[in-house]
Amino acid sequence: MTTNAHLFAQAQALIPGGVDSPVRAFGSVGGTPAFIERGVGPWIFDAEGTRRADLVCSWGPLLLGHAEPRVLAAVTEAAARGLSFGAPTATETRLAEEVRRRVPAAEKIRFVSTGTEATMTAIRLARGATGRSLLVKFAGCYHGHSDGLLAEAGSGVATGGLPASAGVPEEISGQTIVLPFNDTAALEECFAERGEQIAAVIVEGAAANMGVVPPVPGYCAAMRALCDKHGALMIMDEVLTGFRVSPSGWWGLHTRLAPVDGVAFEGAPGLPEVEEYVPDLFCFGKVIGGGMPLAGLGGRAGIMDLLAPLGPVYQAGTLSGNPLSTAAGLATLRGADAASYERVARVAGEISGAFEAEFARVGLPVQVQRAGSLFSFFFSGSPVRTYAEAKACETFRYEPFFWALFDAGAYPPPSVFEAWFVSAAHDAEAVGRVLDAVPAAVRAAAEAKA
Ligand SMILES: *Cc1c(COP(=O)(O)O)cnc(C)c1O
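Residues numbered from 1 in each chain as written. Predicted model: local features only at pLDDT ≥ 70, side-chain atom pairs only at ≥ 80, totals over all residues. Heavy atoms only, no water.

## Thoughts on the site of the ligand
Taken together, Thr114, Gly115, Thr116, Tyr142, His143, Gly144, Glu204, Asn209, Asp237, Val239, Leu240 and Lys286 are the residues near the ligand. Interatomic distance of 3.3 Å between a backbone N/O atom of Tyr142 and a nitrogen atom of the ligand. The separation between an oxygen atom of the ligand and a polar side-chain atom of Lys286 is 2.6 Å. In the complex, the protein chains occlude 83% of the 380 Å² of accessible area that the ligand would expose alone. The class makeup of the residues in the shell around the ligand is three nonpolar, six polar and three charged. (Near = heavy atom within 4 Å. Polar contact = N/O pair within 3.5 Å; in protein donor to acceptor, adjacent residues only side chain to side chain. Areas by Shrake-Rupley, 256 points an atom, 1.4 Å probe, with all protein chains shown as cover. Nonpolar A, V, L, I, M, F, W, Y, C, P; charged D, E, K, R; others polar.)

Below, the structure written as structure tokens:
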């Protein structure tokens, strides 16, 4: 039998760290990553034949689960007609229609291949539209790995304990102002000092790359008002939250875009207070491609039309709007109906609720934080609203917690700073597998020593 350890050793000889994206290396939990052979519904199977209930779902895209038959059929059908043309296809327009139906403020949409490209392009567009240079981002928010966005980023940058990345010139990082998240006063102060130089503020819908940290009530609306007052654009990065926490993402959930495709969210855990605001630009990724490389940006037509070929802001891509990716995205969004969203919300509530109850039973202070169907655990006695608070938690408890779950046949994210993801394919058996593992995992976390 080929073992995960053998495959990891082979990979490490050829690929830096053995992985093509850092968190996959299990660096913060130690041990050997599972090499995945296949997935079906809520399950993933590794090279050793072990089946685990997946709580990562490819970091979000697989809203309908692995190898979903309708998505596979759409991709297979598209593949038989050719893999790429570098020319427009009607599927791109159909997908743009579906995005705009769900997120009406995305009046026009441009498709790219990764979330990184989507945020990079949105920022270039905001600079082109305003003629200004400075960008405001928030500590702990992750917006992909382009140069200007890695300062105090979440996700793998947080997992690796890095303040930023080497290789980013000061001339570039100096164009990014990093502020604490959920701190309206800090944002006001920043605008008061440098308002006329700020092109845009970029924010995750709900921050979910430092663990799940939803915006405090009033924060998004205040951000909108400050951007308006100072002529800056508000970019909402919904790469992770888009089409996942509701049919129209965080914005739809937060504003209760009526009706959010008839989904009955009332009473669901993680439902934010209603707030009114409309971002200028949205970034999409993950669910929009259903597991294929696809992302996009959308927003006000007057801004979007500044993109080439209509306007002076350049953006392009050999594989942008790829026919297989758009087919997978369209099949995923069409398949993601009210029942899917209700299922995802219910499963997320069951799993996070079971952990919460067990943490309380053993007396371990843990914050179970939710943003719609996203959740994560902070080993802390008080709610986490900023990156500084996230980093100050008892992160040492995560490693044994993770391995207790992993060894019991679940696959949680291999970093305390990542959100947990479930799918509409998570059935009673998969949920049961996780629930059965809760007591031992919570005990392992409680007994952990710093
Ligand atoms: C994943 C993610 C990105 C980057 O997307 P990639 O496809 O990995 O480049 C950007 N923003 C947010 C909020 C993300 O979660």
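## Quick look at the packing of helix H14 (residues 398-407) against helix H15 (residues 428-447)
In helix packing, the relevant descriptors are the interaxial angle and the interaxial distance, both defined with respect to the helix axes. The geometry of H14 relative to H15 is characterised by a closest axis approach of 7 Å and an angle of 160° between their N-to-C directions. By the angle between their directions, the pair H14 and H15 is classed as roughly antiparallel. For the crossing formed where H14 meets H15, the hand is right-handed. Counting all contacts with H14, which are made through Pro400, Phe401, Ala404 and Leu405, the residues of H15 involved are Ala437, Ala440, Ala441, Val442, Ala444 and Ala445. (Axes fitted to C-alpha atoms, helices over the stretch in contact; angles between N-to-C directions. Helix = DSSP H or I, 4+ residues; strand = E, 2+ residues; numbered from the N terminus. Parallel < 35°, antiparallel > 145°, perpendicular 65-115°, else oblique. Left-handed = near helix turned anticlockwise from the far one by under 90°. Contact = heavy atoms within 4.5 Å.)

## Looking at helix H3 (residues 90-102)
Count 3.6 residues to each turn of an α-helix, and residues three or four apart come out pointing the same way. Here H3 spans 19 Å end to end across 13 residues, near enough to the 18 Å set by a 1.5 Å rise per residue. Within H3, the full set of buried residues consists of Glu92, Leu95, Ala96, Glu98, Val99 and Arg102. Seen end-on, H3 carries its buried residues on one side only, within an arc spanning 160°. (Expected span 1.5 Å × (residues − 1). Buried < 20%, exposed > 50% of the residue type's maximum accessible area, 1.4 Å probe, protein only. Arc of directions from axis to C-beta.)

## Some thoughts on the environment of Glu204
Its place among the elements puts Glu204 in strand E7 (residues 198-204). Looking at Glu204, the relative accessible area reads 2%, which means it is buried. Between the C-alpha atoms of Glu204 and Glu447, which are 243 residues apart in sequence, the distance is 34 Å. Setting aside chain neighbours within four positions, we find Glu204 in contact with Gly140, Cys141, Tyr142, His143, Asn209 and Asp237.

## Describing the side chain of His66
Note that His66 resides in the loop between strand E3 (51-54) and helix H2 (69-80). A polar atom in the side chain of His66 sits 2.7 Å from the side chain of Asp54. Once residues within four sequence positions are removed from consideration, His66 is found in contact with Gly39, Val40, Gly41, Trp43, Ile44 and Asp54.

## A short note on the sheet that holds strand E4 (residues 108-112)
A sheet is described by the order of its strands in space; here seven strands give the open sequence E4-E10-E9-E8-E7-E5-E6, paired in mixed fashion. Single-partner strands in this sheet number two, and they are E4 and strand E6 (176-179). Here the average twist between neighbouring strands, direction ignored, is 20°. Inspection of the sheet shows strand E5 (residues 134-138) paired to E6 by four bridges, in the parallel sense. Across the sheet, the residue bridging to Leu135 is Thr176, located in E6. Along the sheet, helix H8 (residues 219-230) makes contact with E5, E7 and strand E8 (233-237), crossing E8 at roughly 145°. (Pairing = 2+ DSSP bridges.)

## Examining the sheet that holds E3
Spatially, four strands are ordered E1-E2-E3-E13 in an open sheet, and the strand pairing comes out mixed. With partners counted over all chains shown, the strands left at the sheet margins are strand E1 (36-40) and strand E13 (410-411), one partner each. Packed on one face of the sheet, H15 meets strand E2 (43-46), E3 and E13 and runs near 95° to E3.

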